[in-house]
Amino acid sequence: MATATFLSFSAAAPSPRARVRRVQTTRAAASATDRPREVVSPKRRLPLRKVPGDYGPPVVGALRDRLEYFYGPGGRDGFFTARVRAHGSTVVRLNMPPGPFVARDPRVVALLDAASFPVLFDTSLVDKTDLFTGTFMPSTELTGGYRVLSYVDPSEPNHGPLKSLLFYLLSHRRQHVIPMFREVYGDLFGLMENELARVGKADFGHYNDAAAFSFLCQALLGRDPTESALKGEGPKLITKWVLFQLSPLLNLGLPKLVEDSLLHSFRLPPALVKKDYDRLADFFRDAARGVVDEGERLGVPREEAVHNILFAMCFNSFGGMKILFPTLVKWLGRAGARTHGRLATEVRDAVRAHGGGDVTMKALAEMPLVKSAVYEALRIEPPVAMQYGRAKRDMVVESHDYGFEVREGEMLFGYQPMATKDPRVFARPEEYVPDRFLGEDGARLLRHVVWSNGPETVSPTLQDKQCAGKDFVVLIARLLVAEIFLRYDSFDVQVGASALGSSVTVTSLKKATF
């Protein structure tokens, strides 16, 4: 549950009833911190603290924080850890990239533990309008002129119809998901085996990009993109298009001054990727015609439906698989032969006993270690690391130890890896523990797995911003693990850095022997 409470911060000593009275007047966020404060927070009776940290001088402070974020010691994690250590607090003020001259206002209140982070899921407390990518929003020229669902707040009238459309997209061909996944990813592993035999290693990310787009289009739309005008270019076009949206937030490994000047200080012109985007849109206008028909029935104009389907399948789904699948393979590869043996035994026993030799939903239900291993990958390295929300009213946000006054209009920011690796919730938080979520104790921890912009223990609705594809993502990740351990007893990997997630090279595949 979100640990925040509405407050009235008046100069007079407030009564208990006044402590929880909803604020009726708007206050400027920047002038909030010198007003008299309550002694304790109303919800858990925690000591109240002023949010520590500062933003520094205008422009200069934001540039300083941006350079430290991208190029400082310890990388992105080090940037936040240093702030927590310096202020003795997991709720701090700082500037988030990109800052000048892309974002108008980089100032945020950062929530860096498992106690404060869930406030960002509560749309009665925070507004999500245009905050999908943080303190800036990419041009709608990159999405056909439309604000797609990811940028729409649940209070807006088109949120419900658009999210209903995505629920339909994910469910209307659900019987094709498992067989199509096995077919496409079976081909992937065949290609990787050939590459290993030829040169002794295989780039998982390269093969995964092609497989992910092919699987999504065939499973959800019934169309093979390689048999369209896209040929095999879909993943390349999508990656370029995503770069134009996220470039202010990415570190591509270019020389620091060049990268910061070109990518973080200015937006890349949408016109440079328009032809590529138009090719993708043409494909989805044709391939997703049946889903667009359903959108029209729901009240979504046809062209708006096309661009929302494109964004959901290319940015959200393909982009998610591009990050999550290499991450999952990385952590499984590092887990070692003993864990591989346990997973292989579970997968093969379940398929023999409950799948008639094939992977079925019933067989997957009998693979608790597989499911736990997927949850653990989503915990230790969530595919979307950052969430944002703007405070709708004055409130107190609670960490484990303190309450912090936040004013209406202030931007709240959460760095999810610090919430999902909170040592006060998870033992050995920096370790990948594949059986962490087994049993009753493990099940109780699932509410702290929040990769989907909500707890793993709840399902997305039309009234929230939780990922519409939450269950779909967990399912296909489980299918990947099952496919690996049906085919192989063990495997080895080499891991490198990538602008999006991890670069994973498979160096050995030991074929199944039992």
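Residues numbered from 1 in each chain as written. Predicted model: local features only at pLDDT ≥ 70, side-chain atom pairs only at ≥ 80, totals over all residues. Heavy atoms only, no water.

## Points about the UniProt feature "binding site: heme" (unreviewed entry) in the chain
Thinking step 1. Those places that UniProt annotates as "binding site: heme" (unreviewed entry) correspond, in this numbering, to Cys467.
Thinking step 2. Note on placement: Cys467 falls in the loop between α16 (439-445) and α17 (470-487).
Thinking step 3. Residue class for Cys467 comes out partly exposed when judged on its relative accessible area of 30%.
Thinking step 4. Not counting the four nearest positions on each side in its chain, Cys467 is found in contact with Ser452 and Pro460. (UniProt positions renumbered as here; feature names shortened; annotations may be inferred. Helix = DSSP H or I, 4+ residues; strand = E, 2+ residues; numbered from the N terminus. Buried < 20%, exposed > 50% of the residue type's maximum accessible area, 1.4 Å probe, protein only. Contact = heavy atoms within 4.5 Å.)

## A short note on the pairing of strand β8 (residues 395-398)
Thinking step 1. Burial of β8 is two-sided: the residues Met395 and Val397 facing one way and the residues Val396 and Glu398 facing the other way are all buried.
Thinking step 2. For β8 and strand β9 (residues 403-406), the ladder comprises four bridges, and the chain directions are antiparallel. Note on β9: the bridge partner recorded for Met395 is Val406.
Thinking step 3. With antiparallel pairing between neighbouring strands as the criterion, β8 and β9 make up a hairpin whose turn holds four residues. (Pairing = 2+ DSSP bridges.)

## Re the environment of Leu170
Thinking step 1. By the element assignment, Leu170 lies in helix α4 (residues 159-171).
Thinking step 2. Given a relative accessible area of 16%, Leu170 falls into the buried group.
Thinking step 3. Considering only alpha carbons, one finds Leu170 and Gly333, 163 residues apart in sequence, at a separation of 30 Å.
Thinking step 4. Those residues in contact with Leu170, other than ones at most four positions away along the chain, are Leu220, Ala468, Gly469 and Phe472.

## Some thoughts on the packing of helix α7 (residues 234-246) against helix α9 (residues 274-287)
Thinking step 1. Interaxial distance between α7 and α9 falls to 10 Å at its minimum, and their mutual angle equals 130 degrees. Overall, the two elements α7 and α9 adopt an arrangement that is oblique. With respect to the hand of their crossing, α7 and α9 are arranged in left-handed fashion. Counted together, Gly234, Leu237, Ile238, Lys240 and Trp241 of α7 and Asp276, Tyr277, Arg279 and Leu280 of α9 form the full contact between these two elements.
Thinking step 2. Each residue belonging to the contact of α7 with α9 can be placed in one class, and the counts come to five nonpolar, one polar and three charged. (Axes fitted to C-alpha atoms, helices over the stretch in contact; angles between N-to-C directions. Parallel < 35°, antiparallel > 145°, perpendicular 65-115°, else oblique. Left-handed = near helix turned anticlockwise from the far one by under 90°. Nonpolar A, V, L, I, M, F, W, Y, C, P; charged D, E, K, R; others polar.)

## Thoughts on empty space enclosed by the protein
Thinking step 1. The full count for this structure, using the stated rule, is three cavities of 30 Å³ or more.
Thinking step 2. Quantified by volume, the second largest cavity comes out at close to 50 Å³.
Thinking step 3. As for the second largest cavity, its lining consists of Phe189, Met192, Phe204, Val329, Ile484, Phe491, Val506 and Leu509.
Thinking step 4. Counting only elements with at least two residues in the lining of the second largest cavity, the list comes to α5 (177-199) and β12 (502-511).
Thinking step 5. A per-class count over the lining of the second largest cavity returns eight nonpolar, no polar and no charged. (1 Å grid on protein atoms, 1.4 Å probe; cavity = no way out; pocket = protein on both sides within 12 Å on 5 of 7 lines; lining within 4 Å. Points joined across faces, edges and corners; volume = space filled by probe spheres on them.)

## Looking at the sheet that holds strand β6 (residues 202-203)
Strands pair in a sheet through their backbones, by hydrogen bonds, and they do so in one of two ways: parallel or antiparallel.
Thinking step 1. What the three strands build is an open sheet, ordered β6-β12-β11; its pairing is antiparallel. On the outer flanks of this sheet lie β6 and β11 (488-497), each paired with one strand and no other.
Thinking step 2. Here β11 runs beside β12; their pairing, made up of nine bridges, is antiparallel. For Tyr488, the partnering residue across the bridge sits in β12 and is Lys511.

## Notes on unusual backbone geometry
Thinking step 1. Here Pro97 and Pro98 are connected by a cis peptide whose omega angle stands at 10 degrees.
Thinking step 2. For Pro98, the location among the structural elements is in the loop between β3 (91-95) and β4 (107-111).
Thinking step 3. Even without being a glycine, Asp130 presents a positive backbone phi close to 60 degrees.
Thinking step 4. Considering the arrangement of structural elements, one finds Asp130 in the loop between β5 (126-127) and α4.

## Considerations on the pattern of salt bridges
Thinking step 1. For the structure shown, the criterion picks out 41 salt bridges.
Thinking step 2. Salt-bridge contacts for Asp394 lead to Arg407; the nearest nitrogen and oxygen are separated by 3.1 Å. With Asp394 in the loop between β7 (386-391) and β8 and Arg407 in the loop between β9 and β10 (411-415), this pair connects stretches of sequence that are 13 residues apart. Each member of the pair, Asp394 as well as Arg407, is classed as buried.
Thinking step 3. When salt bridges that share partners are traced, they join Arg64, Asp65, Glu68 and Arg83 into one network. (Salt bridge = Lys/Arg side-chain N within 4 Å of Asp/Glu carboxyl O.)

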